[in-house]
Each structure stands twice: as C-alpha cells, then as structure tokens.
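# Close look at the chain arrangement
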Amino acid sequence: KIKVPSESAALNIYNKITLDTFNLRFQNSDYRAFMAFKIVNSGNVDLGLSMFKDILARDPRRHDAATFISSIYEQQKKYSDAITYRNIVRNLNPYGADSLLELTKDYKAIGDTEAAKKIANEIIAMAPGTQIAKDAAKIAL
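### Description of the overall build of the protein
- Secondary structure summary: the protein contains eight helices and zero strands in total.
- Going from N to C terminus, the protein has its helices and strands arranged as α-α-α-α-α-α-α-α.
- Relative to the compact-globule value of 14 Å for 141 residues, the protein shows a C-alpha radius of gyration of 18 Å, a clear excess of over 25%.
- Principal axes of the C-alpha set define a box for the protein whose edges measure 65 × 30 × 25 Å.
- Every one of the 141 residues in the protein was classed for burial, and the buried ones make up 37%.
- Taking the contacts inside the protein whose residues are at least 6 apart along the sequence as the reference set, 42% of them involve residues at least 24 apart.
- Approximately 8,500 Å² of the protein is accessible, and the part contributed by carbon and sulfur atoms is 56%.
- If the 20 positive side-chain charges of the protein are averaged to one point and the 16 negative ones to another, these points end up 3 Å apart.

Structure, rendered in structure tokens:
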C-alpha cells in the first residue's frame with residue numbers, strides 16, 4: 001500500500017526538488033525564474049524571494065527578477081524594499097511605464113510625495129494622454 005504524504009511533507013518534498021533543480025550548475029535562468037515563481041505560488045514566499053535575488057545576482061540585467069522581488073515586497077507592504085528593486089527595474093528598463101507607476105505608488109505609500117510627483121511627471125512626459133499617465137497624475141496629487 002502506498003502511503004500518501006501529508007500536505008506539509010509533500011510541500012517540503014516539492015520545495016526540495018525545485019531548489020535542487022534550481023541550483024543545478026548550468027541551469028537556464030528562464031527556468032530558474034519559472035521555478036522561483038512556482039515556489040512563491042506554492043506559498044513559500046521567503047524561499048521564492050531568495051531565489052529571485054539569486055537570479056538577479058547571477059544576471060543583474062534580469063529586470064523581471066527585480067520586478068518579481070519588488071512585487072513581493074509590495075504585497076508585504078515593505079515599500080522601502082520595493083522601491084530599491086523598482087529603481088533597479090527603472091535603470092534596466094527606463095520606459096517601463098507599468099513599473100514606474102508602481103514606483104510612484106511605493107513612494108506615495110512611504111509619504112515621499114516629491115519623489116512620487118517626479119516619477120509621475122516622467123510617466124506623463126513619456127506617455128501623454130494615455131491611461132497610465134492619467135493614473136500617474138491621480139496618484140501624484
């Protein structure tokens with residue numbers, strides 16, 4: 001008779017297999033990002049966060065890893081940490097209006113209205129008349 005592991009035991013096994021695969025020496029960074037995302041979705045946010053940070057350390061031009069990290073911090077309401085990674089995204093992808101909008105929200109959340117206005121004005125200048133520019137203008141008020 002096959003014994004079914006408990007949910008937490010099964011999750012531990014899943015996390016171990018995923019992490020072992022993640023740590024393979026020649027693993028593709030796209031696949032690493034996929035595995036980190038799966039770990040976060042399985043509920044192990046701290047492990048997934050560590051995995052995304054590892055991806056970014058291995059490949060500092062991976063703005064998607066910095067985006068996922070900042071999103072996790074935003075969900076945790078750790079806006080100062082989110083700002084750090086949103087600024088990394090900003091440096092790698094300066095025309096990413098969606099990320100800039102989130103950066104505006106993060107600055108607003110910590111009470112830095114001047115920084116929020118500055119980023120909102122950048123969005124408005126690069127995409128005048130768009131919905132994202134209108135959203136930026138509302139946030140920066």
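Picking up after the structure, the text goes on.
### Some remarks on the environment of Asn-91
- Within the element layout of this structure, Asn-91 appears in helix H5 (residues 79-92).
- Residue class for Asn-91 comes out exposed when judged on its relative accessible area of 65%.
- With 28 residues separating them in the primary sequence, Asn-91 and His-63 have C-alpha atoms 8.9 Å apart.

### Some words on the nonpolar core
- Of all hydrophobic cores here, the largest spans 20 residues; its most connected members are Met-51, Phe-52, Ile-55, Leu-56, Ile-69, Tyr-73 and Tyr-85.
- Of all the elements in the fold, those that place two or more residues in this core are helix H2 (29-41), helix H3 (45-58), helix H4 (63-75) and H5.
- Of the residues forming this core, the biggest block, six residues, is contributed by H3.
- Sequence-distant contacts of Tyr-85, defined by excluding residues within four places in its chain, comprise Lys-53, Leu-56, Ala-66, Ile-69, Ser-70 and Tyr-73.
- Within the second largest apolar cluster, 16 residues are counted, among which are Tyr-107, Ala-116, Ile-132 and Ala-140.

### Considerations on the packing of aromatic side chains
- As enumerated under the stated definition, the model contains four aromatic pairs in all.
- Plain terms: the ring middles of Phe-37 and Phe-68 are 5.4 Å apart, the flat faces sit at 40° to each other, and that makes the pair tilted. Within this pair, whereas Phe-37 is found in helix H2, its partner Phe-68 is found in helix H4, the two being separated by 31 residues in sequence.
- Phe-37 gets classed as partly exposed once you look at its relative accessible area, which sits at 37%.

### Regarding the packing of helix H6 (residues 97-109) against helix H8 (residues 131-139)
- Interhelical geometry of H6 versus H8 gives an angle of 10° and a closest axis separation of 10 Å. Taken together, H6 and H8 sit at an angle that is classed as roughly parallel. Along the contact surface, H6 presents Ala-97, Asp-98, Leu-101, Thr-104, Lys-105 and Lys-108, while H8 presents Ile-132, Asp-135, Ala-136 and Ile-139.
- Tallied by class, residues from the contact of H6 with H8 come to five nonpolar, one polar and four charged.

### Observations concerning the environment of Ile-83
- Considering the arrangement of structural elements, one finds Ile-83 in helix H5.
- With 73 residues separating them in the primary sequence, Ile-83 and Ala-10 have C-alpha atoms 35 Å apart.
- Filtering out sequence-adjacent residues up to four positions away, Ile-83 remains in contact with Leu-103, Asp-106, Tyr-107 and Ile-110.

### A few points about the confidence of the model for the protein
- When the pLDDT values of the protein are averaged, the result is 90; 95% of them are 70 or greater.
- When mean pLDDT is taken per element in the protein, H5 scores highest with 98 and helix H1 (residues 7-22) scores lowest with 79.

Parameters and conventions
- Within each chain, residue numbers correspond to sequence positions counted from 1 in written order.
- Predicted model: local features are reported for residues with pLDDT of at least 70 only, side-chain atom pairs are reported and counted for 80 or more only, and whole-chain, interface and lining totals are derived from all residues.
- Here the side-chain values reflect all heavy atoms present in the structure, with hydrogen atoms and water set aside.
- Numbering of helices and strands starts at the N terminus; helices are DSSP runs of H or I of at least 4 residues and strands are runs of E of at least 2.
- Radius of gyration here is computed from C-alpha atoms only, and the compact-globule reference equals 2.2 Å multiplied by the residue count raised to the power 0.38.
- Whether a residue is buried, partly exposed or exposed follows from its accessible area with a 1.4 Å probe, protein chains only, as a fraction of its type maximum: under 20%, in between, or over 50%, in that order.
- Any two residues having at least one pair of non-hydrogen atoms within 4.5 Å are treated as being in contact.
- For accessible areas, the Shrake-Rupley method is used with a probe of radius 1.4 Å. Any residue's cover is judged against the shown protein chains and nothing else.
- Neither His nor the chain ends contribute to the count of charged residues, in which Lys and Arg are positive and Asp and Glu negative.
- By convention, the point assigned to a charge is CZ for Arg, NZ for Lys, CD for Glu and CG for Asp.
- Nonpolar core, defined: a set of buried Ala, Val, Leu, Ile, Met, Phe, Trp, Tyr and Cys residues in which side-chain atoms within 4.5 Å join the residues together.
- Geometry of aromatic contacts follows a simple scheme: Phe, Tyr and Trp rings, the Trp one being its six-membered ring, pair when their centres are within 6.5 Å, and the pair is stacked under 30 degrees between planes, edge-to-face over 60, tilted otherwise.
- Axis lines are fitted through C-alpha atoms, for helices just across the contact stretch, and the angle between N-to-C directions can take any value from 0 to 180 degrees.
- Oblique is the label for any angle not under 35 degrees, not over 145, and not in the 65 to 115 range, which are roughly parallel, roughly antiparallel and roughly perpendicular in turn.
- Residue type decides the class: Asp, Glu, Lys and Arg count as charged, Ala, Val, Leu, Ile, Met, Phe, Trp, Tyr, Cys and Pro as nonpolar, and the leftover types, Gly among them, as polar.
- The pLDDT score gives, residue by residue, the confidence of the prediction method on a 0 to 100 scale.

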